Amino acid sequence: MANEPIYLLAIESSCDDTAAAVLQNGKVLSNVVANQKIHSEFGGVIPELASRAHQQNIVPVVEMAIRKANIDKKQLNAIAFTQGPGLMGSLLVGSSFSKSLAYALNIPLIAVNHMHAHILAHFIDEDGYDKPNFPFLAMTISGGHTQIVKVNDFFNMEIIGETTDDAVGEAFDKSAKILGLPYPGGPLIDKFAKEGNPKAYKFTKPKVQGLNFSFSGLKTAILYFVQKNVAENPNFIEENLADICASIQHTIVEILMDKLKLAVTETGIKQVAIGGGVSANSGIRETLKSAEKKHGWQTFIPKFEYTTDNAAMIGIVGYHKFLSGKFENHAVTAKARIEF
């Protein structure tokens, strides 16, 4: 069956991006994402506004994905959708639409865990990108999650480390807010960090046992550091923005890498993959690449468009579930929190 053309429509609506993709077997034919700009005015995602925007976007986004794939919807073999985790109102739009369309076309329905999708995005057939072998270690880093996962198989994964408080993406965004940068601030810290000295300012790394992370203390330390220096020099931020951003980013990357090195030591697994929106960060990508030579790891970094929330990653999980016959009946429900 794997050699037959299997056409799968995937839908992602866990947060504020409405996304649809069409895959033929493991290859992406189209990957469409509609962003919601309105949330930048509020400094964060407003759940009610997000779900309304999904309702407006989902039909044109799905239509565009099918048109770009150059297929007819009657050729679809299955529909995969994000079941969770995420914002309940947003998830309901995607799951309701997927169930309705699958019912209308009389094709199977496949539920996907959003966090599994970030990890398995590495298995999309993409020229120039290698796929990890099982078992491998995956670090999922996003606005809502920071996890180290031991991936034994497509459907056998074990979280061996996670954040005890804030996620790494939240740490980036909140640090940016302290500096007066607009939301989402993480990419702006990355941008300014490229021009700065990463050793200009030293922030204490939190001491957390085992493979777990903590970022709330770092965020507080950055707040006090900025307040103290601005009190002495009102222009401190604008005069030193690049150095501050570079120092913050350097500290966060070091925290992540320290735990990743410990995970490799404890498991003996030297294949390391990253996923999630924060894996688009250039500092993390460069440090991980240099770890290949430094520590003898084999590292896997997904194509940029598969790092942030997108439907292609939902589709690749859906494809492997299709091959295994892991389908849902139409009583399946969206879940804001979902077992890993």
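Definitions and cut-offs
- Residues numbered from 1 in each chain as written.
- Predicted model: local features only at pLDDT ≥ 70, side-chain atom pairs only at ≥ 80, totals over all residues.
- Heavy atoms only, no water.
- Salt bridge = Lys/Arg side-chain N within 4 Å of Asp/Glu carboxyl O.
- Helix = DSSP H or I, 4+ residues; strand = E, 2+ residues; numbered from the N terminus.
- Buried < 20%, exposed > 50% of the residue type's maximum accessible area, 1.4 Å probe, protein only.
- Contact = heavy atoms within 4.5 Å.
- Polar contact = N/O pair within 3.5 Å; in protein donor to acceptor, adjacent residues only side chain to side chain.
- Pairing = 2+ DSSP bridges.
- Axes fitted to C-alpha atoms, helices over the stretch in contact; angles between N-to-C directions.

Participant: Help me understand the pattern of salt bridges in this model?
Facilitator: Charged atoms that come close allow side chains of opposite charge to pair. As enumerated under the stated definition, the model contains nine salt bridges in all. With a shortest N-O distance of 3.4 Å, Glu254 and Lys205 are connected by a salt bridge. In this pair, Glu254 sits in helix α7 (residues 236–267) while Lys205 sits in the loop between α5 (186–193) and α6 (216–232), placing the two residues 49 residues apart along the sequence. In this structure Glu254 comes out as partly exposed when scored by relative accessible area, which is 32%. Lys205 gets classed as partly exposed once you look at its relative accessible area, which sits at 30%. Put simply, Asp258 and Lys205 hold a salt bridge, and the shortest N to O gap is 2.8 Å. Within this pair, whereas Asp258 is found in helix α7, its partner Lys205 is found in the loop between α5 and α6, the two being separated by 53 residues in sequence. If you follow the salt bridges from partner to partner, you end up with Glu126, Lys303 and Glu305 in one network.

Participant: Which parts of the structure should I look at to understand the environment of Thr82?
Facilitator: Here Thr82 lies in strand β4 (residues 78–84). Taking the C-alpha atoms as reference, Thr82 lies 23 Å from Pro5; in sequence the two are 77 residues apart. Discounting residues that sit within four places of it in the chain, Thr82 has contacts with Ile11, Glu12, Ser13, Ser14, Leu91, Val112, His114 and Ile314. There is a polar contact of 2.5 Å between the side chain of Thr82 and the side chain of Glu12.

Participant: Explanation requested: the sheet that holds strand β2 (residues 18–24) in the structure shown.
Facilitator: Within a sheet, each strand pairs with its neighbour through backbone hydrogen bonds, oriented either parallel or antiparallel. Spatial strand order, β3-β2-β1-β4-β5: five strands in an open sheet with mixed pairing. Strand pairing shows two members of the sheet lacking a second neighbour, β3 (27–34) and β5 (109–113), which therefore form its edges. Between one strand axis and the next, the sheet turns by 20° as a mean value, whatever way the strands run. Note: strand β1 (residues 7–12) against β2, six bridges, orientation antiparallel. Following the sheet pairing, Ala10 is matched in β2 by Ala21. Its contacts with the sheet place helix α2 (residues 88–105) against β1, β4 and β5, and it is angled at close to 160° to β4.

Participant: Looking at this structure, how should I read the pairing of strand β7 (residues 146–153)?
Facilitator: Side-chain positions along a regular strand alternate between the two faces of the sheet. Of the pairings in the sheet, the one linking strand β6 (residues 136–141) to β7 comprises six bridges and is antiparallel in character. Paired with Phe136 across the strands is Val151, a residue of β7. Counted between consecutive antiparallel strands, the loop separating β6 from β7 contains four residues. With six bridges joining them, β7 and strand β8 (residues 156–162) adopt antiparallel strand pairing. By the bridge assignment for β8, Lys150 is matched with Glu158. Connecting β7 to the antiparallel partner β8 that follows it, the hairpin turn spans two residues.

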